[in-house]
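What follows is the residue order along each chain.
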Amino acid sequence: MREQETFLPDEGDEFDATTGEFELSERQALRRVPGLSTELTDITEVEYRQLRLERVVLVGVWTEGSQQDAENSLAELAALAETAGSQVLEGLIQRRQRPDPATYVGRGKVVDLGAAVLASGADTVICDGELSPSQLRNLEQRTKVKVVDRTALILDIFAQHAKSREGKAQVELAQLEYLLPRLRGWGDTLSRQSGGSGRGGGAGGGVGLRGPGETKLETDRRRIRQRIARLRREIKGMRTVRQTKRARRYRNAVPAVAIAGYTNAGKSSLLNQLTGAGVLVENALFATLDPTIRKATTADGRHFTFSDTVGFVRHLPHQIVEAFRSTLEEVAEADLVVHVVDGTHPDPEEQVRAVRAVLAEVGADRLPELLVVNKTDAAGEETLLRLKRRWPEAIFVSAHSGSGIADLRGAVEARLPRPAVEVRAVLPYERGDLVARAHQRGEVLNTVHLPEGTLLQARVDAALAAELAPFQSPEAAGSEPAMEPAAAGVGARS
(Lines give C-alpha, C1' and ligand atoms only; values in the text may rest on other atoms or scores of the structure.)
Protein backbone atom coordinates (compact mmCIF):
# COMPACT_ATOMS: atom_id res chain seq x y z
CA MET A 1 0.00 0.00 0.00
CA ARG A 2 1.15 3.50 -0.67
CA GLU A 3 1.78 5.09 2.68
CA GLN A 4 0.48 8.59 3.20
CA GLU A 5 3.30 11.12 3.20
CA THR A 6 3.84 13.41 6.17
CA PHE A 7 5.02 16.88 5.12
CA LEU A 8 7.25 18.67 7.61
CA PRO A 9 7.08 22.47 8.00
CA ASP A 10 10.01 24.77 7.32
CA GLU A 11 12.17 25.85 10.21
CA GLY A 12 10.42 28.57 12.19
CA ASP A 13 6.88 27.44 11.33
CA GLU A 14 4.85 26.70 14.44
CA PHE A 15 3.12 23.46 13.54
CA ASP A 16 2.52 20.30 15.53
CA ALA A 17 3.80 17.42 13.39
CA THR A 18 2.02 14.82 15.50
CA THR A 19 -1.45 16.08 14.51
CA GLY A 20 -0.86 17.05 10.88
CA GLU A 21 -1.16 20.81 11.54
CA PHE A 22 0.83 21.69 8.42
CA GLU A 23 -1.54 19.73 6.19
CA LEU A 24 -4.54 21.10 8.09
CA SER A 25 -3.56 24.72 7.46
CA GLU A 26 -3.03 23.92 3.78
CA ARG A 27 -6.50 22.35 3.57
CA GLN A 28 -8.23 25.32 5.21
CA ALA A 29 -6.90 27.65 2.54
CA LEU A 30 -9.45 26.11 0.14
CA ARG A 31 -12.72 25.47 1.86
CA ARG A 32 -15.46 24.97 -0.72
CA VAL A 33 -15.80 22.44 -3.51
CA PRO A 34 -18.95 22.57 -5.68
CA GLY A 35 -21.57 19.85 -5.67
CA LEU A 36 -22.16 17.59 -8.65
CA SER A 37 -23.13 19.39 -11.82
CA THR A 38 -25.89 17.92 -13.97
CA GLU A 39 -24.18 18.97 -17.20
CA LEU A 40 -20.59 18.16 -17.96
CA THR A 41 -18.19 20.31 -19.90
CA ASP A 42 -15.04 18.46 -18.87
CA ILE A 43 -15.03 15.17 -16.97
CA THR A 44 -11.32 14.44 -17.18
CA GLU A 45 -10.90 15.06 -13.46
CA VAL A 46 -12.72 16.03 -10.30
CA GLU A 47 -12.91 19.81 -10.27
CA TYR A 48 -11.61 21.79 -7.30
CA ARG A 49 -12.96 25.34 -7.30
CA GLN A 50 -13.35 27.91 -4.56
CA LEU A 51 -16.92 29.23 -4.27
CA ARG A 52 -18.79 31.36 -1.76
CA LEU A 53 -20.25 29.62 1.24
CA GLU A 54 -23.63 28.05 0.41
CA ARG A 55 -26.62 28.77 2.62
CA VAL A 56 -28.64 25.59 3.10
CA VAL A 57 -31.90 24.32 4.57
CA LEU A 58 -31.97 20.70 5.76
CA VAL A 59 -35.01 18.46 5.41
CA GLY A 60 -35.53 14.88 6.57
CA VAL A 61 -38.30 12.28 6.57
CA TRP A 62 -38.77 10.37 9.83
CA THR A 63 -40.03 6.89 8.90
CA GLU A 64 -38.89 4.69 11.80
CA GLY A 65 -37.31 4.82 15.23
CA SER A 66 -37.81 7.50 17.82
CA GLN A 67 -37.92 11.25 17.38
CA GLN A 68 -34.49 11.42 19.00
CA ASP A 69 -33.13 9.11 16.28
CA ALA A 70 -34.54 11.42 13.59
CA GLU A 71 -33.06 14.49 15.25
CA ASN A 72 -29.66 12.80 15.61
CA SER A 73 -29.71 11.93 11.92
CA LEU A 74 -30.49 15.52 10.96
CA ALA A 75 -27.78 16.79 13.33
CA GLU A 76 -25.30 14.52 11.58
CA LEU A 77 -26.48 15.90 8.22
CA ALA A 78 -25.83 19.41 9.55
CA ALA A 79 -22.28 18.37 10.53
CA LEU A 80 -21.75 16.95 7.04
CA ALA A 81 -23.01 20.18 5.46
CA GLU A 82 -20.70 22.30 7.62
CA THR A 83 -17.77 20.03 6.78
CA ALA A 84 -18.54 20.61 3.09
CA GLY A 85 -18.33 24.35 3.71
CA SER A 86 -22.01 25.26 3.92
CA GLN A 87 -23.88 27.43 6.40
CA VAL A 88 -26.91 25.66 7.88
CA LEU A 89 -29.88 28.02 8.32
CA GLU A 90 -32.73 25.70 9.25
CA GLY A 91 -33.67 22.03 9.65
CA LEU A 92 -37.08 20.47 9.02
CA ILE A 93 -38.37 16.93 9.75
CA GLN A 94 -41.62 15.37 8.54
CA ARG A 95 -43.15 12.23 10.05
CA ARG A 96 -44.25 9.83 7.29
CA GLN A 97 -44.53 6.08 6.79
CA ARG A 98 -42.23 6.40 3.76
CA PRO A 99 -40.81 9.23 1.64
CA ASP A 100 -43.09 10.61 -1.06
CA PRO A 101 -42.08 8.95 -4.37
CA ALA A 102 -42.45 12.24 -6.26
CA THR A 103 -41.18 14.94 -3.90
CA TYR A 104 -39.51 13.12 -0.93
CA VAL A 105 -41.49 15.15 1.62
CA GLY A 106 -45.27 15.30 1.29
CA ARG A 107 -46.54 17.38 -1.61
CA GLY A 108 -48.26 19.78 0.78
CA LYS A 109 -45.06 20.17 2.79
CA VAL A 110 -43.16 21.18 -0.34
CA VAL A 111 -44.98 24.51 -0.13
CA ASP A 112 -43.82 24.95 3.48
CA LEU A 113 -40.29 23.99 2.44
CA GLY A 114 -40.33 26.58 -0.34
CA ALA A 115 -41.53 29.22 2.12
CA ALA A 116 -38.72 28.32 4.57
CA VAL A 117 -36.17 28.59 1.77
CA LEU A 118 -37.53 32.00 0.73
CA ALA A 119 -37.69 33.33 4.29
CA SER A 120 -34.16 32.23 5.20
CA GLY A 121 -32.56 33.28 1.92
CA ALA A 122 -31.12 29.82 1.33
CA ASP A 123 -29.78 28.81 -2.07
CA THR A 124 -29.65 25.02 -1.49
CA VAL A 125 -31.84 22.31 0.04
CA ILE A 126 -30.11 19.20 1.42
CA CYS A 127 -32.27 16.08 1.93
CA ASP A 128 -31.40 13.44 4.53
CA GLY A 129 -31.65 10.49 2.15
CA GLU A 130 -30.78 9.39 -1.37
CA LEU A 131 -33.22 10.93 -3.87
CA SER A 132 -34.25 9.50 -7.22
CA PRO A 133 -33.73 11.63 -10.35
CA SER A 134 -37.44 12.46 -10.49
CA GLN A 135 -37.50 13.53 -6.82
CA LEU A 136 -34.52 15.82 -7.40
CA ARG A 137 -36.12 17.36 -10.49
CA ASN A 138 -39.53 17.88 -8.86
CA LEU A 139 -38.10 19.46 -5.71
CA GLU A 140 -35.89 21.82 -7.68
CA GLN A 141 -38.78 22.90 -9.87
CA ARG A 142 -40.99 23.66 -6.85
CA THR A 143 -38.46 25.25 -4.49
CA LYS A 144 -36.59 27.13 -7.27
CA VAL A 145 -33.21 26.34 -5.65
CA LYS A 146 -30.60 23.61 -6.00
CA VAL A 147 -31.46 20.33 -4.23
CA VAL A 148 -28.72 17.97 -2.99
CA ASP A 149 -29.21 14.62 -1.28
CA ARG A 150 -27.14 12.97 1.44
CA THR A 151 -25.16 10.86 -1.02
CA ALA A 152 -24.09 13.83 -3.14
CA LEU A 153 -23.08 15.71 0.00
CA ILE A 154 -20.83 12.88 1.22
CA LEU A 155 -19.29 12.55 -2.23
CA ASP A 156 -18.60 16.30 -2.21
CA ILE A 157 -16.72 15.98 1.09
CA PHE A 158 -14.73 13.02 -0.24
CA ALA A 159 -13.77 15.09 -3.30
CA GLN A 160 -12.39 17.82 -1.01
CA HIS A 161 -10.38 15.53 1.24
CA ALA A 162 -8.90 12.94 -1.15
CA LYS A 163 -5.18 13.58 -1.63
CA SER A 164 -3.54 10.50 -3.14
CA ARG A 165 -3.89 9.46 -6.77
CA GLU A 166 -5.81 6.35 -5.77
CA GLY A 167 -8.13 8.29 -3.46
CA LYS A 168 -8.96 10.86 -6.13
CA ALA A 169 -9.65 8.12 -8.69
CA GLN A 170 -11.93 6.28 -6.24
CA VAL A 171 -13.89 9.45 -5.44
CA GLU A 172 -14.26 10.41 -9.08
CA LEU A 173 -15.53 6.93 -9.94
CA ALA A 174 -18.13 7.14 -7.15
CA GLN A 175 -19.20 10.60 -8.30
CA LEU A 176 -19.65 9.56 -11.92
CA GLU A 177 -21.58 6.40 -11.01
CA TYR A 178 -23.90 8.54 -8.89
CA LEU A 179 -24.23 11.19 -11.60
CA LEU A 180 -24.90 8.93 -14.60
CA PRO A 181 -28.58 8.07 -13.88
CA ARG A 182 -29.23 11.66 -12.73
CA LEU A 183 -27.77 13.42 -15.74
CA ARG A 184 -30.42 15.62 -17.28
CA GLY A 185 -30.87 18.77 -19.30
CA TRP A 186 -32.17 22.06 -17.96
CA GLY A 187 -35.03 23.72 -19.85
CA ASP A 188 -33.95 24.63 -23.36
CA THR A 189 -30.66 22.78 -22.98
CA LEU A 190 -32.53 19.53 -23.65
CA SER A 191 -32.52 20.49 -27.33
CA ARG A 192 -28.82 21.36 -27.52
CA GLN A 193 -26.93 19.06 -29.84
CA SER A 194 -23.48 17.80 -30.45
CA GLY A 195 -22.59 17.77 -34.15
CA GLY A 196 -25.34 20.18 -35.23
CA SER A 197 -28.48 18.05 -35.27
CA GLY A 198 -31.07 16.56 -32.91
CA ARG A 199 -32.31 12.98 -32.77
CA GLY A 200 -35.68 11.79 -33.94
CA GLY A 201 -37.18 15.07 -35.21
CA GLY A 202 -38.44 16.14 -31.76
CA ALA A 203 -40.14 19.51 -31.36
CA GLY A 204 -37.29 20.78 -29.20
CA GLY A 205 -34.85 20.82 -32.13
CA GLY A 206 -36.66 23.44 -34.20
CA VAL A 207 -36.69 24.04 -37.94
CA GLY A 208 -33.44 23.06 -39.60
CA LEU A 209 -32.21 21.12 -36.58
CA ARG A 210 -34.19 17.88 -36.92
CA GLY A 211 -32.65 14.63 -38.10
CA PRO A 212 -30.12 12.00 -37.02
CA GLY A 213 -27.51 13.04 -34.54
CA GLU A 214 -26.48 12.90 -30.91
CA THR A 215 -27.88 15.26 -28.28
CA LYS A 216 -25.66 16.97 -25.73
CA LEU A 217 -27.18 14.73 -23.03
CA GLU A 218 -26.29 11.56 -24.93
CA THR A 219 -22.77 12.85 -25.53
CA ASP A 220 -22.30 13.46 -21.82
CA ARG A 221 -23.56 9.98 -20.94
CA ARG A 222 -21.24 8.35 -23.46
CA ARG A 223 -18.24 10.29 -22.14
CA ILE A 224 -19.13 9.40 -18.55
CA ARG A 225 -19.30 5.68 -19.39
CA GLN A 226 -15.92 5.90 -21.10
CA ARG A 227 -14.40 7.68 -18.13
CA ILE A 228 -15.91 5.15 -15.68
CA ALA A 229 -14.40 2.27 -17.66
CA ARG A 230 -10.99 3.98 -17.63
CA LEU A 231 -11.14 4.68 -13.88
CA ARG A 232 -12.09 1.07 -13.15
CA ARG A 233 -9.04 -0.11 -15.09
CA GLU A 234 -6.78 2.28 -13.19
CA ILE A 235 -8.17 1.28 -9.79
CA LYS A 236 -7.83 -2.39 -10.71
CA GLY A 237 -4.14 -1.80 -11.40
CA MET A 238 -3.74 0.00 -8.07
CA ARG A 239 -5.52 -2.90 -6.38
CA THR A 240 -2.94 -5.29 -7.81
CA VAL A 241 -0.13 -3.18 -6.33
CA ARG A 242 -1.91 -3.15 -2.97
CA GLN A 243 -2.33 -6.95 -3.05
CA THR A 244 1.37 -7.39 -3.90
CA LYS A 245 2.38 -5.35 -0.86
CA ARG A 246 -0.02 -7.31 1.33
CA ALA A 247 1.46 -10.57 0.03
CA ARG A 248 4.93 -9.36 1.01
CA ARG A 249 3.70 -8.69 4.55
CA TYR A 250 2.15 -12.17 4.62
CA ARG A 251 5.43 -13.76 3.55
CA ASN A 252 7.23 -11.95 6.35
CA ALA A 253 4.47 -13.01 8.77
CA VAL A 254 3.82 -9.42 9.91
CA PRO A 255 0.48 -9.22 11.77
CA ALA A 256 -1.83 -6.37 10.72
CA VAL A 257 -4.12 -4.30 12.96
CA ALA A 258 -6.78 -2.17 11.26
CA ILE A 259 -8.23 0.87 13.03
CA ALA A 260 -11.86 1.27 11.94
CA GLY A 261 -14.79 3.25 13.21
CA TYR A 262 -17.32 5.99 12.66
CA THR A 263 -16.08 9.19 11.07
CA ASN A 264 -14.70 11.72 13.57
CA ALA A 265 -14.42 9.07 16.30
CA GLY A 266 -10.72 9.87 16.70
CA LYS A 267 -9.05 7.11 14.66
CA SER A 268 -6.25 9.32 13.33
CA SER A 269 -5.61 10.80 16.79
CA LEU A 270 -5.37 7.29 18.19
CA LEU A 271 -2.92 6.24 15.46
CA ASN A 272 -0.78 9.28 16.24
CA GLN A 273 -0.74 8.35 19.94
CA LEU A 274 0.18 4.74 19.23
CA THR A 275 2.82 5.28 16.54
CA GLY A 276 3.59 9.02 16.24
CA ALA A 277 2.35 8.81 12.65
CA GLY A 278 1.74 12.56 12.21
CA VAL A 279 -1.61 12.01 10.46
CA LEU A 280 -3.86 15.04 9.99
CA VAL A 281 -6.32 15.54 12.85
CA GLU A 282 -9.35 17.79 12.41
CA ASN A 283 -12.69 18.02 14.21
CA ALA A 284 -14.61 17.33 11.01
CA LEU A 285 -16.28 14.38 9.32
CA PHE A 286 -14.13 12.36 6.88
CA ALA A 287 -11.06 14.50 7.66
CA THR A 288 -8.73 11.75 6.38
CA LEU A 289 -9.53 9.39 3.51
CA ASP A 290 -6.19 8.05 2.31
CA PRO A 291 -5.17 5.00 4.36
CA THR A 292 -2.01 5.25 6.43
CA ILE A 293 0.11 2.26 7.51
CA ARG A 294 2.67 2.52 10.31
CA LYS A 295 4.96 -0.11 11.82
CA ALA A 296 4.81 -0.84 15.54
CA THR A 297 6.70 -3.14 17.91
CA THR A 298 5.38 -5.18 20.82
CA ALA A 299 7.03 -5.24 24.24
CA ASP A 300 8.77 -8.53 23.37
CA GLY A 301 10.11 -7.20 20.06
CA ARG A 302 7.61 -8.55 17.51
CA HIS A 303 6.77 -6.28 14.60
CA PHE A 304 3.24 -5.57 13.38
CA THR A 305 1.42 -2.81 11.48
CA PHE A 306 -1.34 -0.32 12.32
CA SER A 307 -3.50 0.92 9.43
CA ASP A 308 -5.90 3.87 9.61
CA THR A 309 -8.90 3.49 7.27
CA VAL A 310 -11.62 5.72 5.89
CA GLY A 311 -14.32 6.55 8.42
CA PHE A 312 -17.82 5.13 8.18
CA VAL A 313 -21.20 6.79 8.55
CA ARG A 314 -24.79 5.59 8.67
CA HIS A 315 -26.19 5.02 5.18
CA LEU A 316 -22.71 5.20 3.65
CA PRO A 317 -23.34 5.49 -0.12
CA HIS A 318 -22.91 2.19 -1.89
CA GLN A 319 -20.91 4.01 -4.59
CA ILE A 320 -18.31 4.86 -1.94
CA VAL A 321 -18.18 1.28 -0.64
CA GLU A 322 -17.70 -0.08 -4.16
CA ALA A 323 -15.15 2.54 -5.23
CA PHE A 324 -13.15 2.19 -1.99
CA ARG A 325 -13.44 -1.60 -1.89
CA SER A 326 -9.73 -2.13 -2.58
CA THR A 327 -8.92 0.22 0.31
CA LEU A 328 -11.48 -1.37 2.64
CA GLU A 329 -9.96 -4.77 1.90
CA GLU A 330 -7.10 -3.68 4.18
CA VAL A 331 -9.60 -4.10 7.00
CA ALA A 332 -10.86 -7.44 5.71
CA GLU A 333 -7.31 -8.82 5.49
CA ALA A 334 -6.24 -7.66 8.96
CA ASP A 335 -5.64 -9.95 11.93
CA LEU A 336 -7.43 -7.63 14.37
CA VAL A 337 -9.90 -4.76 14.00
CA VAL A 338 -9.63 -1.96 16.56
CA HIS A 339 -13.17 -0.51 16.45
CA VAL A 340 -13.07 3.09 17.71
CA VAL A 341 -16.26 4.58 19.18
CA ASP A 342 -16.91 8.24 19.99
CA GLY A 343 -17.80 8.29 23.69
CA THR A 344 -19.27 11.80 23.42
CA HIS A 345 -21.76 10.99 20.67
CA PRO A 346 -25.46 11.06 21.63
CA ASP A 347 -26.01 7.57 20.19
CA PRO A 348 -22.78 5.53 20.15
CA GLU A 349 -24.70 2.25 19.88
CA GLU A 350 -26.08 3.35 16.50
CA GLN A 351 -22.55 4.25 15.39
CA VAL A 352 -21.37 0.75 16.30
CA ARG A 353 -24.24 -0.81 14.34
CA ALA A 354 -23.48 1.33 11.28
CA VAL A 355 -19.77 0.44 11.33
CA ARG A 356 -20.42 -3.27 11.74
CA ALA A 357 -22.85 -3.18 8.81
CA VAL A 358 -20.12 -1.80 6.51
CA LEU A 359 -17.55 -4.26 7.89
CA ALA A 360 -19.94 -7.09 7.07
CA GLU A 361 -20.33 -5.75 3.54
CA VAL A 362 -16.57 -6.04 2.91
CA GLY A 363 -16.23 -9.40 4.71
CA ALA A 364 -14.51 -8.10 7.85
CA ASP A 365 -17.24 -9.11 10.30
CA ARG A 366 -15.54 -12.49 10.87
CA LEU A 367 -12.37 -10.89 12.30
CA PRO A 368 -11.54 -10.48 16.01
CA GLU A 369 -12.72 -7.06 17.20
CA LEU A 370 -11.38 -4.89 20.01
CA LEU A 371 -13.88 -2.18 20.93
CA VAL A 372 -12.26 1.10 22.02
CA VAL A 373 -14.32 3.97 23.45
CA ASN A 374 -12.45 7.23 22.75
CA LYS A 375 -12.81 10.82 24.06
CA THR A 376 -13.34 9.75 27.67
CA ASP A 377 -11.92 13.11 28.80
CA ALA A 378 -14.92 14.89 27.21
CA ALA A 379 -17.64 12.33 27.99
CA GLY A 380 -19.81 12.59 31.09
CA GLU A 381 -19.37 10.19 33.98
CA GLU A 382 -22.91 8.89 33.62
CA THR A 383 -22.35 8.18 29.92
CA LEU A 384 -19.13 6.30 30.62
CA LEU A 385 -20.80 4.15 33.29
CA ARG A 386 -23.61 3.28 30.87
CA LEU A 387 -21.14 2.35 28.12
CA LYS A 388 -19.06 0.24 30.53
CA ARG A 389 -22.17 -1.72 31.42
CA ARG A 390 -23.07 -2.01 27.73
CA TRP A 391 -19.56 -3.09 26.60
CA PRO A 392 -17.69 -4.56 29.60
CA GLU A 393 -14.83 -5.84 27.40
CA ALA A 394 -14.16 -2.44 25.79
CA ILE A 395 -11.05 -0.34 26.42
CA PHE A 396 -11.72 3.28 27.45
CA VAL A 397 -9.14 5.80 26.27
CA SER A 398 -8.56 9.44 25.46
CA ALA A 399 -6.36 10.06 22.43
CA HIS A 400 -6.23 13.73 23.42
CA SER A 401 -4.88 13.27 26.97
CA GLY A 402 -3.22 9.87 26.50
CA SER A 403 -5.33 8.22 29.21
CA GLY A 404 -5.72 4.47 28.70
CA ILE A 405 -3.26 4.26 25.77
CA ALA A 406 -0.96 1.86 27.68
CA ASP A 407 -3.92 -0.43 28.38
CA LEU A 408 -4.87 -0.31 24.70
CA ARG A 409 -1.34 -1.27 23.62
CA GLY A 410 -1.40 -4.22 26.01
CA ALA A 411 -4.81 -5.36 24.78
CA VAL A 412 -3.71 -5.17 21.14
CA GLU A 413 -0.51 -7.12 21.80
CA ALA A 414 -2.43 -9.80 23.71
CA ARG A 415 -4.77 -10.32 20.74
CA LEU A 416 -2.12 -10.50 18.03
CA PRO A 417 -1.81 -13.95 16.43
CA ARG A 418 1.09 -15.97 17.77
CA PRO A 419 3.38 -18.05 15.56
CA ALA A 420 2.36 -21.68 15.26
CA VAL A 421 5.70 -23.59 15.26
CA GLU A 422 7.84 -23.95 18.40
CA VAL A 423 11.55 -24.51 17.77
CA ARG A 424 14.63 -25.06 19.93
CA ALA A 425 17.89 -24.46 18.12
CA VAL A 426 21.55 -23.57 18.74
CA LEU A 427 22.46 -20.70 16.42
CA PRO A 428 26.14 -19.89 15.78
CA TYR A 429 27.12 -16.42 16.93
CA GLU A 430 27.78 -15.37 13.33
CA ARG A 431 24.06 -15.99 12.61
CA GLY A 432 22.81 -13.17 14.77
CA ASP A 433 20.52 -12.24 11.88
CA LEU A 434 18.39 -15.34 12.59
CA VAL A 435 18.17 -14.43 16.27
CA ALA A 436 17.02 -10.92 15.36
CA ARG A 437 14.41 -12.24 12.90
CA ALA A 438 13.10 -14.63 15.52
CA HIS A 439 12.51 -11.64 17.80
CA GLN A 440 10.92 -9.58 15.01
CA ARG A 441 8.68 -12.23 13.48
CA GLY A 442 8.12 -14.66 16.34
CA GLU A 443 7.81 -14.97 20.07
CA VAL A 444 11.08 -15.74 21.85
CA LEU A 445 10.43 -17.82 24.95
CA ASN A 446 13.97 -18.28 26.30
CA THR A 447 17.60 -17.82 25.34
CA VAL A 448 20.90 -19.05 26.81
CA HIS A 449 24.45 -18.45 25.61
CA LEU A 450 26.52 -21.61 25.06
CA PRO A 451 30.12 -21.87 23.90
CA GLU A 452 28.99 -22.95 20.44
CA GLY A 453 26.24 -20.38 20.04
CA THR A 454 22.88 -19.06 21.25
CA LEU A 455 20.35 -21.62 22.38
CA LEU A 456 17.01 -20.20 21.29
CA GLN A 457 13.56 -21.45 22.23
CA ALA A 458 10.86 -19.61 20.28
CA ARG A 459 7.55 -19.82 18.47
CA VAL A 460 7.92 -18.76 14.84
CA ASP A 461 6.08 -19.04 11.54
CA ALA A 462 6.54 -22.03 9.25
CA ALA A 463 8.91 -20.24 6.85
CA LEU A 464 11.32 -19.15 9.57
CA ALA A 465 11.05 -22.57 11.25
CA ALA A 466 12.32 -24.11 8.00
CA GLU A 467 15.36 -21.78 8.07
CA LEU A 468 16.06 -22.68 11.70
CA ALA A 469 15.64 -26.44 11.11
CA PRO A 470 19.35 -27.11 10.25
CA PHE A 471 20.36 -25.70 13.65
CA GLN A 472 17.94 -27.74 15.77
CA SER A 473 19.83 -30.16 18.01
CA PRO A 474 18.50 -33.15 19.99
CA GLU A 475 21.47 -32.79 22.34
CA ALA A 476 20.52 -29.21 23.06
CA ALA A 477 16.93 -30.23 23.70
CA GLY A 478 18.00 -32.93 26.19
CA SER A 479 20.63 -30.97 28.11
CA GLU A 480 18.10 -28.55 29.64
CA PRO A 481 20.60 -25.78 30.54
CA ALA A 482 19.50 -22.86 32.68
CA MET A 483 17.58 -20.48 30.47
CA GLU A 484 17.60 -16.70 30.57
CA PRO A 485 14.51 -14.51 30.20
CA ALA A 486 13.79 -13.64 26.58
CA ALA A 487 14.32 -9.92 27.16
CA ALA A 488 17.95 -10.57 28.13
CA GLY A 489 18.78 -12.47 24.95
CA VAL A 490 20.56 -11.19 21.88
CA GLY A 491 18.29 -9.14 19.64
CA ALA A 492 15.44 -8.92 22.15
CA ARG A 493 14.63 -5.48 20.70
CA SER A 494 15.25 -4.65 17.07
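Residues numbered from 1 in each chain as written. Predicted model: local features only at pLDDT ≥ 70, side-chain atom pairs only at ≥ 80, totals over all residues. Heavy atoms only, no water.

Participant: Lay out the sheet that holds strand 7 (residues 256–261) with the relevant residues and their values.
Facilitator: Taken in spatial order, the 6 strands make up an open sheet running 8-9-7-10-11-12, and their pairing is mixed. The open sheet terminates on both sides in strands that have one partner only, identified here as strand 8 (292–297) and strand 12 (395–396). The pairing of strand 7 with strand 10 (residues 336–342) spans 5 bridges and is parallel. Counterpart to Ile 259 in the pairing with strand 10 is Val 338. Of the strands in this sheet, strand 7, strand 10 and strand 11 (369–374) touch helix 11 (residues 348–361), which is tilted by about 150° from strand 10. (Pairing = 2+ DSSP bridges. Helix = DSSP H or I, 4+ residues; strand = E, 2+ residues; numbered from the N terminus. Contact = heavy atoms within 4.5 Å. Axes fitted to C-alpha atoms, helices over the stretch in contact; angles between N-to-C directions.)

Participant: How would you sum up unusual backbone geometry? Please name residues and give values.
Facilitator: One non-glycine residue with positive phi stands out, namely Tyr 104, at about 70°. Counting through the fold element by element, Tyr 104 comes out in the loop between strand 2 (87–95) and helix 3 (107–120). One non-glycine residue, Asn 264, lies in the positive phi region at around 65°. Relative to the assigned elements, Asn 264 resides in the loop between strand 7 and helix 8 (267–275).

Participant: Give a detailed account of the environment of Phe 312, specifying residues and quantitative values.
Facilitator: With respect to the helices and strands, Phe 312 occurs in the loop between strand 9 (303–308) and helix 9 (318–323). Taking the C-alpha atoms as reference, Phe 312 lies 9.6 Å from Ala 265; in sequence the two are 47 residues apart. Residues within four places of Phe 312 in sequence aside, it is in contact with Ala 260, Gly 261, Tyr 262, Thr 263, Leu 328, Val 355, Val 358 and Leu 359.

Participant: Requested: an account of the side chain of Glu 54, with residues and values cited.
Facilitator: By the element assignment, Glu 54 lies in the loop between helix 1 (21–28) and strand 1 (55–62). Relative accessible area serves as the criterion here: at 10%, Glu 54 is assigned to the buried category. Engagement of the side chain of Glu 54 in a polar contact is seen with the side chain of Lys 146, the distance being 3.0 Å. (Buried < 20%, exposed > 50% of the residue type's maximum accessible area, 1.4 Å probe, protein only. Polar contact = N/O pair within 3.5 Å; in protein donor to acceptor, adjacent residues only side chain to side chain.)

Participant: I'd like to hear about helix 11, residue by residue, with values.
Facilitator: In this model, helix 11 (14 residues) spans 20 Å end to end at C-alpha, consistent with the 20 Å of a helix rising 1.5 Å per residue. Just beyond helix 11, the residue with positive phi is Gly 363, at close to 80°. (Expected span 1.5 Å × (residues − 1).)

Participant: Could you give an account of the packing of aromatic side chains, with specific residues and numbers?
Facilitator: A full pass over the atoms with the stated rule returns 1 aromatic pair. Pairing Phe 304 with Phe 306 gives two aromatic rings, centres 5.1 Å apart and planes at 70°, and the pair type is edge-to-face. Phe 306 matches Phe 304 in its accessibility class, with the two residues each being buried. Here Arg 95 stacks its cationic end above the ring of Trp 62, 4.4 Å away from the centre of that ring. (Phe/Tyr/Trp six-rings, centres within 6.5 Å; stacked < 30°, edge-to-face > 60°. Lys NZ or Arg CZ within 6 Å of the ring centre and 35° of its normal.)

Participant: Residues and numbers for the environment of Gly 404, please.
Facilitator: Mapped onto the secondary structure, Gly 404 falls in the loop between strand 12 and helix 13 (405–415). Sequence separation between Gly 404 and Asn 374 is 30 residues, and the spatial gap between their C-alpha atoms is 9.4 Å. Every residue in contact with Gly 404, bar those within four places of it in the chain, is listed here: Ile 395, Phe 396 and Val 397.

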